[in-house]
Amino acid sequence: MGVQHSCNACILVAVFVLSVSIPLAMASDPPDESQQGSVAVRLYLTEGPLPVDDPMSAVWDTVPASTFDMAPQVHWQDRIQEVTVKSVTVRGLHNQQELAILLEYQDPTQDPADAAALEFMVGDKKAHFAHAQEMLQVEGGPVNIWYWKQSNGKAIDMWAKGFGTLRPQAQQDVKAVGMWQDGTWRVVFSRALTTGDSEDVQIEPGKWTSIAFAIWDGKIVDGAIKEKGSQKAVTSWWYFRAEPPPDNSIYGYVVLGLILAAAFEFALIRKLQKGRHS
Amino acid sequence: MNRPLAKAALILIGMYIVLVYVLPLFTAPLPASLIYLYLALTLSAVLIYYTISGTTLEEFMGPIVRFLSGVDQVGPAKTARLLVLIVFPLLVGWQTYTRLAPSDLPPPENRTIHPAPPGEFVGLSNPFPKTPENIMMGKGLYAAYCSPCHGANYDGKGPAAPGFNPPPANFRDPGTIAQLQESYLFWRIKKGGVGLPVEGMPWKSAMPRWEVELPDEFIWKIIMGEYDGAGQSPRTWEEEE
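Asks: Outline the overall build of chain A, listing residues and values.
Replies: What chain A contains, in helices and strands, is three helices and 16 strands. Classification of the 278 residues of chain A by burial places 50% in the buried group. Of the contacts formed within chain A by residues at least 6 apart in sequence, a portion of 65% connects residues at least 24 apart. A total accessible area of about 13,200 Å² is found for chain A, and carbon and sulfur atoms account for 54% of it.

Asks: Tell me about the interface of chain B and chain A, and please be specific about residues and values.
Replies: Counting residues at the interface gives 74 residues for chain B, matched by 67 residues for chain A. Of the roughly 6,500 Å² buried at the junction of chain B and chain A (both faces included), carbon and sulfur atoms supply 72%. On the surface where chain B and chain A come into contact, there are three salt bridges. With a closest N to O distance of 2.7 Å, Arg79(A) and Glu213(B) form a salt bridge. Top element by residues in the side of chain B that touches chain A is helix H4 (residues 75–100) of chain B. It accounts for 19 residues.

Asks: So what's going on with a nonpolar patch on the surface? Which residues, and what values?
Replies: All names here are of chain B. A cluster of nonpolar side chains, Ile13, Ile17, Val18, Tyr21, Val22, Leu25 and Phe26, forms an exposed patch at the surface whose accessible area comes to about 700 Å². Structurally, phenylalanine 26 is set in the loop between helix H1 (3–22) and helix H2 (32–50). Looking at phenylalanine 26, the relative accessible area reads 69%, which means it is exposed.

Asks: So, the layout of surface pockets: which residues are in play, and what are the values?
Replies: Residues and elements named next belong to chain B. As a volume, the largest pocket reaches approximately 900 Å³. Contributing to the lining of the largest pocket are 37 residues, with His150, Pro167, Pro168, Ala169 and Met207 lying nearest its centre. Elements with a contribution of two residues or more to the lining of the largest pocket: helix H5 (132–145), helix H6 (147–150) and helix H7 (182–191). When residues in the lining of the largest pocket are grouped by element, the largest group, four residues, is from H7. For the lining of the largest pocket, the residue count by class is 24 nonpolar, seven polar and six charged.

Asks: Can you explain the pattern of salt bridges? Please cite residues and give values.
Replies: Throughout the structure, instances matching the rule amount to 18 salt bridges over all chains. In this structure, Asp124(A) and Lys207(A) form a salt bridge, with 3.4 Å as the shortest nitrogen-oxygen distance. Placement of the pair is Asp124(A) in the loop between strand S6 (115–121) and strand S7 (143–149) and Lys207(A) in the loop between strand S11 (184–192) and strand S12 (209–216), with a sequence separation of 83 residues. Lys207(A) sits in the partly exposed class, given a relative accessible area of 43%. Lys191(B) is paired through a salt bridge with Glu211(B); the nearest N and O atoms lie 3.0 Å apart. You can see Lys191(B) sitting in helix H7 and its partner Glu211(B) sitting in the loop between H7 and helix H8 (216–230), a full 20 residues away along the chain. Owing to a relative accessible area of 18%, Lys191(B) belongs among the buried residues under this scheme. When its relative accessible area of 22% is taken as the criterion, Glu211(B) is described as partly exposed. Beyond isolated ion pairs, a larger network of salt bridges with shared partners links Asp61(A), Arg91(A), Glu104(A) and Arg186(A).

Asks: Break down the environment of Ala45(B) for me, citing the residues and quoting the values.
Replies: Residue position: Ala45(B) is located in helix H2. On a C-alpha basis, the gap between Ala45(B) and Ala8(B) in space is 9.9 Å, while along the polypeptide they are 37 residues apart.

Asks: Outline the pairing of strand S2 (residues 66–69) of chain A, listing residues and values.
Replies: Residues and elements named next belong to chain A. Only one face of S2 is buried, namely the one carrying Ser66 and Phe68, since none of Thr67 and Asp69 on the opposite face is buried. Across four bridges, the pairing between S2 and strand S4 (residues 87–94) is antiparallel. Across the sheet, residue serine 66 finds its bridge partner in S4, namely valine 90.

Asks: Quick rundown of the side chain of Asn95(A)? Include the residues and the values.
Replies: Residue and element names in this part refer to chain A. By secondary structure assignment, the location of asparagine 95 is in the loop between S4 and strand S5 (98–106). Residue classification places asparagine 95 among the buried positions, given a relative accessible area of 18%. A distance of 3.0 Å separates the side chain of asparagine 95 from the backbone oxygen of glycine 48, its partner in a polar contact. Separated by 2.8 Å, the side chain of asparagine 95 and the backbone nitrogen of glutamate 98 make a polar contact. Ignoring any residue separated from it by four or fewer positions in sequence, one finds asparagine 95 in contact with Leu45, Thr46, Gly48, Pro49 and Leu50.

Asks: Please set out the environment of Val194(B) residue by residue, giving values where relevant.
Replies: If you trace the backbone, Val194(B) turns up in the loop between H7 and H8. With 14 residues separating them along the chain, Val194(B) and Pro208(B) place their C-alpha atoms 7.8 Å apart. Setting aside its immediate chain neighbours within four residues, Val194(B) contacts His128(A), Gln133(A), Glu134(A), Met135(A), Leu136(A), Gln137(A) and Arg209(B).

Asks: Can you explain the packing of H1(B) against helix H3 (residues 54–69) of chain B? Please cite residues and give values.
Replies: All names here are of chain B. With their axes 7 Å apart at the nearest point, H1 and H3 run at an angle of 90° to one another. Our classification of the angle between H1 and H3 gives roughly perpendicular. The residues of H3 that touch H1, namely those facing Pro4, Leu5 and Ala8, are Glu59, Phe60, Pro63 and Ile64.

The rules behind these values
Every chain begins its residue count from 1, and numbering advances along the sequence as written. To read the labels, note that chains go from A and ligands from 1, taken in the order they are written. For a predicted model such as this one, the threshold for reporting local features is a pLDDT of at least 70, and the threshold for listing and counting side-chain atom pairs is 80 or more; totals across whole chains, interfaces and linings nevertheless cover every residue. No hydrogens and no water enter the side-chain calculation; it runs on all heavy atoms of the structure. What counts as a helix is a DSSP run of H or I of at least four residues, what counts as a strand is a run of E of at least two, and both are numbered from the N terminus. Residue burial is assigned from relative accessible area. The probe radius is 1.4 Å, only protein chains are included, and a residue is buried under 20% of its type maximum, exposed over 50%, and partly exposed in between. Residues count as neighbours in contact if any of their non-hydrogen atoms are within 4.5 Å of one another. Areas reported as accessible are Shrake-Rupley estimates using a 1.4 Å probe. Residue values count occlusion only from the protein chains shown. Summed over both partners, the accessible surface that disappears when two parts come together, traced with a 1.4 Å probe, is what is meant by buried area. When a carboxyl oxygen of Asp or Glu is within 4 Å of a side-chain nitrogen of Lys or Arg, the pair counts as a salt bridge. Patch members must show over 30% relative accessible area and no salt bridge, and they are joined within 9 Å when carrying like charges or within 5 Å when they are nonpolar side chains of Val, Leu, Ile, Met, Phe, Trp or Tyr. Site definitions follow a grid-based scheme: protein atoms alone, a 1 Å grid, a 1.4 Å probe that fits but cannot get out for cavities, and for pockets an open set with protein on both sides within 12 Å along at least five of seven lines, plus lining residues having an atom within 4 Å of a point. Grid points are joined across faces, edges and corners, and a volume is the space filled by probe spheres set on the points. Side-chain classes are defined by residue name, with Ala, Val, Leu, Ile, Met, Phe, Trp, Tyr, Cys and Pro counting as nonpolar, Asp, Glu, Lys and Arg as charged, and the others, Gly among them, as polar. Should DSSP find at least two bridges between two strands, the strands are regarded as paired. Polar contact is defined as a pair of N or O atoms within 3.5 Å, subject to the rule that within protein one atom must be able to donate a hydrogen and the other to accept it, and that residues adjacent in sequence are counted only when both atoms are side-chain atoms. What counts as an axis is a line fitted to C-alpha atoms, over the stretch in contact for a helix, and the angles between N-to-C directions run from 0 to 180 degrees. Note that the term roughly parallel is reserved for angles under 35 degrees, roughly antiparallel for angles over 145, roughly perpendicular for angles of 65 to 115, and oblique for everything else.

Following this line, the structure appears as structure tokens:
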């Protein structure tokens, strides 16, 4: 009798653990960032001022990085077949008021026409990464472009909805500081998370949106700038999100779950024991 | 007495092994949500089977009731019962946490690789004969306009390919142009990424809208060159019947 009870107990425990833990373990398919490479830029939440004026700040070395391959811009005219910058490494921080995004990329020469840009979708409508050009079957939205050029020494906050529509905005909200050292550019873009300007992307912590990058090597080759205008290194859209502040309310729900489960067990066992005695 | 429970446990474990380890030997691994669904269906079937009559119900439920009530339990059975009573609330708490904990992962992409083309592009046939001259011209045009992304070897590994998401199509892969008709390629080349419907996530494709730069004749000949260079044949109506 004792052996049979033990056997029953083992089987019951096995069925119970399997039926509860398998769904838990398989609740969602993990993403494959390890194989595919980076798919997202994450702005990590921090406290206090951000290193917006110092691309070389040691703070940046503590921030996890994402790296994206870059391609020559072959999507529309004028194309380019080969570009200097093959990949860009991106780090991001925010403090719930302001954000800072650091681009880091290899460029052997420092030139006045060296430039870099970030691009975001504005609003809820999807936009094509190529300057929000018109899509034929989908109503698209505009894009917000943050453009930095070394010779300008600052960023320009821009807007576009289709080819030939790119223009600086009336309200300029973006700052950028670039520093070149030993063949590497480090450029920090910064802005308030929200600006109140309808032509800007508004960053809501916790909400996923899209980001794209463009980089120009302004080196002079045969009397002409090597990469300018549409001749640049680009990426298409990748995911982008500012880390939301921690939500401690979930621990309350966990405790509630524990209490409810224990109460259920208590009631069930009392019922079973009463049934056996009666 | 314990046979129904043992059978139920074996069926569940067997089904889990088949779904997770055996099926991927023959086909692509199943998504976790589908495996969960199949296991839930199996569990439901087992429960229905054993509760369909009074006798089987007693055989199946009897050990469970005796185990959980704890009456007259001694030794390992008592320990196991205590373990279950402790673990169950902990698992509920863990599940509550995993469901509510903020995820750091981007949303899943449900991109349709080959969305349906608009009506005017269905069933068109290549108006140019597949002569060596036309194929040669198509390959030349492909080299000039397509190979930077799709590769000189038609394998999607051109010098511009690494930066794009989704990556350029690999025409040597039997899952790409070999599955499609020439009219489909004509649509994709002519309208490009911006011509895709919403399920194709057009905002991410870098495929140019070649109709603004190339005449139809060039596009039809590029299609010829593409199939020939990749060693593939277009899908035809006859094969679908």
